[in-house]
Amino acid sequence: VTLNCGRRIPVKVWNPTVANLTLMALGSSAPEIMLSVIELFGDSFYSGELGPSTIVGSAAFNMMVIIAVCVYVIPDSEIRTISQIKVFFVTGSCSIFAYLWLVFILAIHTPDMVDLAEGYLTFMFFPILVVISYMADVEMCCFRRRDGSAEMVVGRLAEAGHDLSVEEVRLVKRVTRVEDKHISQAARRMEVSAVKANGKQNKEVSVGFTMNTFSAAETVTEIPLEIWTSGGYTEGGHIAVEFATRDGSMSEELRHYESRRGFVEIPRGASLGVITVMRQPGIPEVTETNRARYSSDSCVVDEGSYFWVEILQAAVIRDGVPVEDAMAAKGAAKERIVVDQYHKRAKAMIQPGRSNEGKGMLRFKSTEIHHNPHVDQESIVTIAVERIMGHTGAISCNYKTEPDTGRNFWDFHVCEGTLHFPTGILERTIEIKIAKKPIHETTRQFFVFLEDVEGTEEEDSVLFEQDNSGCTVFLLASNSAEMHATDHILRALDGWVNFDTVKEGNVGWKEQWAAALEPDIDDGDVASTMDWAVHFVCLPWKLLFALVPPPAYAGGWACFFTALLMIGLVTAFIGDLASLLGCVIDLPDPITAITIVALGTSLPDTFASKVAAVEDDTADAAIGNVTGSNSVNVFLGLGLPWMIAATYWTVVGPTEEWQKRYQPLVDKYPQGGFIVIAGDL
């Protein structure tokens, strides 16, 4: 979303409340809805007993059993409260109103019949519920707060030079990022810790500085520079790095900093080492000779006060061998470690004029990064995170990438980790590896977000600038002047379908089929006889559901609607089995529906609410899923088939079969209609 000031912030396409009442309801309540619709069409538009009774039984299960499960699974030392009272009030009231409405239309207004108006009105309550819930969520009209907090924030922002309207402030307050706490199949964590090897050196081990520039305040006397190691692990030893400082615009001779040359050892199993360089507080007086000498440096050119720290070499140090002897060894006696050339040297820079009161706030230095990827090789994009309004005390924050039109692996490498800001450190950088970009690809984008370290207490949480805690990285398209006619055609197609999402979908579908042909076991385990037996019993269902395309295709819509189709097929099968079971054990269909079938169709809601109750900080999702599901079940699960059936019987009128089936009601409803016996319901 672009604000008046020109700044763009990422927001969710779907409002969470609307998504829960529409997409989530269609998914978790699809069995009940599908059963009611399928039963209607399968019984020549006559009302069945399984569909309506299943929805009523499912509602009772939701209200009593699911809420009981949610209360039970919460740890004894924790509580969950409703934070969105207005949305809960709307969905909770509608769930009660839904069943009062059923009583009214089936027992009072038109007993045992649903007329055309009642059918359409029942269905229309569903979009009305969605609209009212959305208004409550975003505080529109009668749901708007009268505390004037947004107006107060606008005034304070204006004093600070930020031009934001009242509506934009309310929008920013509602901005929520996708914070999936589960590790999805597509997400891959970049591991920087040592991994188990076969007892011999892994040549892929490398070391380097965590970033190319370390910025510190003028009051700092110790500048920590971090070194990372990644890629492998050598048994029986650890890694040591030799380093040395070198003058930049700051001079060791003028006592701007203390020159150092030495070793830093990274313990076995660790991934980080720290080099500390001492200096005198204040801004050094940089001579023009020294500035001119290093102004044309081959690395980063900066007119500020800085010096360099270089990695000279790295090697494996065997247990019991002094680090000086190991580093001085020649030829085959030394087990060298590769030094990443891009991170071989780091700049330590002093920034003047920063306030040192308080721990400060974190923000991206720029909320938009435009990067030109290479066609023939991978590249690196560097994103700076700065500390403002104070630098006293150590603070940390997590960062993570989120795909958009730019896809994981195909456009950029998934990157997440933690940035540490010791006292006086003002800037850290995030470096993300960018994949090679074919000349025909259009401009892609992805996001990088800052967030608190998980488990941080509220009083220790880090403050972020609200509209500067997200950064959009644009991977620019190649110059069209270098393209041929074929490339122009491919670029036009790429802008329409995004070839990278197709590639991602192809890989995901291949893995999906491979997983369907194997037993469900943990990695590294050997399948037992029972695992194989269960696998072959479930194999037909696995192969059937493997036909569902991955979410990468068509923005997830292909997966969504195909999954609904599969749920419909399974629901039809379950409906027949339920009727057969009732016939065999002499159990009426309504009783089968409100017990066995309702229990089975409510399991998705049960698991969804249980997970939400355990992992969320509030009870909104867990309880809202129950109240919302009950409302949706009636308004959509009964409203849709009843609207169709009421229309059909209004057009067709009372047939001979209808008169035979509902002979006691012929005199009461001579014009015919959609009969729903209210007794059991």
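Description of the structure in this document. All of these numbers come straight from a predicted model, not from anything done at the bench.

**Focus on the overall build of the chain**
Helix and strand content of the chain: 17 helices and 20 strands. Put simply, the chain has 681 residues, and 45% of those count as buried. At a minimum sequence separation of 6, the contacts of the chain that also span at least 24 residues come to 76%. Approximately 35100 Å² of the chain is accessible, and the part contributed by carbon and sulfur atoms is 59%.

**Focus: the sheet that holds strand 9 (residues 338–339)**
The strand order across the open sheet built from four strands is 7-4-2-9, with neighbouring strands paired in mixed fashion. The open sheet has two edge strands, strand 7 (272–278) and strand 9, and neither has a second partner. Pairing of strand 2 (residues 206–209) with strand 4 (residues 222–230), which is carried by four bridges, proceeds in the antiparallel orientation. Bridge pairing links Gly208 to Trp228 in strand 4.

**Observations regarding the pattern of salt bridges**
Overall, the coordinates contain 20 salt bridges when judged by the stated rule. The partner of Arg428 in a salt bridge is Glu226, with the nearest N and O atoms 3.9 Å apart. Of the two residues, Arg428 is situated in strand 16 (residues 425–434) and Glu226 in strand 4; the sequence distance between them amounts to 202 residues. For the pair Arg428 and Glu226, a shared accessibility class is recorded, and that class is buried. The partner of Glu242 in a salt bridge is Arg261, and the shortest N-O contact between them spans 3.2 Å. A residue pair is termed long-range when its members are at least 10 positions apart, and Glu242 in strand 5 (residues 237–247) and Arg261 in strand 6 (residues 261–266) qualify at 19 residues. Among the residues examined, Glu242 registers a relative accessible area of 9% and is labelled buried. Connected through shared salt-bridge partners, Asp411, Lys437, Glu441, Arg444, Asp494, Asp500 and Lys503 make up one network.

**Observations regarding the packing of aromatic side chains**
Describing an aromatic ring pair means giving the distance of the ring centres and the angle of the ring planes. Summed over all chains, the structure comprises 25 aromatic pairs. Grouped by ring-pair contacts, the aromatic residues Phe41, Phe45, Tyr46, Tyr648, Trp649, Trp658 and Tyr662 constitute a single cluster. The ring of Trp308 carries the charged tip of Arg345 above its face, separated from the ring centre by 4.2 Å. Between the NZ or CZ atom of Arg661 and the centre of the ring of Tyr46, over which it lies, the distance is 4.0 Å.

**Topic: the sheet that holds strand 18 (residues 463–464)**
Sheet architecture is open: nine strands sit in the order 6-5-8-10-3-16-13-11-18, paired in mixed fashion. Here the strands that pair on one side only, and so sit at the sheet edges, are strand 6 and strand 18. Pairing between strand 5 and strand 8 (residues 305–318): 11 bridges, direction antiparallel. Paired with Thr245 across the two strands is Val309, which belongs to strand 8.

Conventions adopted
- Residues numbered from 1 in each chain as written.
- Predicted model: local features only at pLDDT ≥ 70, side-chain atom pairs only at ≥ 80, totals over all residues.
- Heavy atoms only, no water.
- Helix = DSSP H or I, 4+ residues; strand = E, 2+ residues; numbered from the N terminus.
- Buried < 20%, exposed > 50% of the residue type's maximum accessible area, 1.4 Å probe, protein only.
- Contact = heavy atoms within 4.5 Å.
- Areas by Shrake-Rupley, 256 points an atom, 1.4 Å probe, with all protein chains shown as cover.
- Pairing = 2+ DSSP bridges.
- Salt bridge = Lys/Arg side-chain N within 4 Å of Asp/Glu carboxyl O.
- Phe/Tyr/Trp six-rings, centres within 6.5 Å; stacked < 30°, edge-to-face > 60°.
- Lys NZ or Arg CZ within 6 Å of the ring centre and 35° of its normal.

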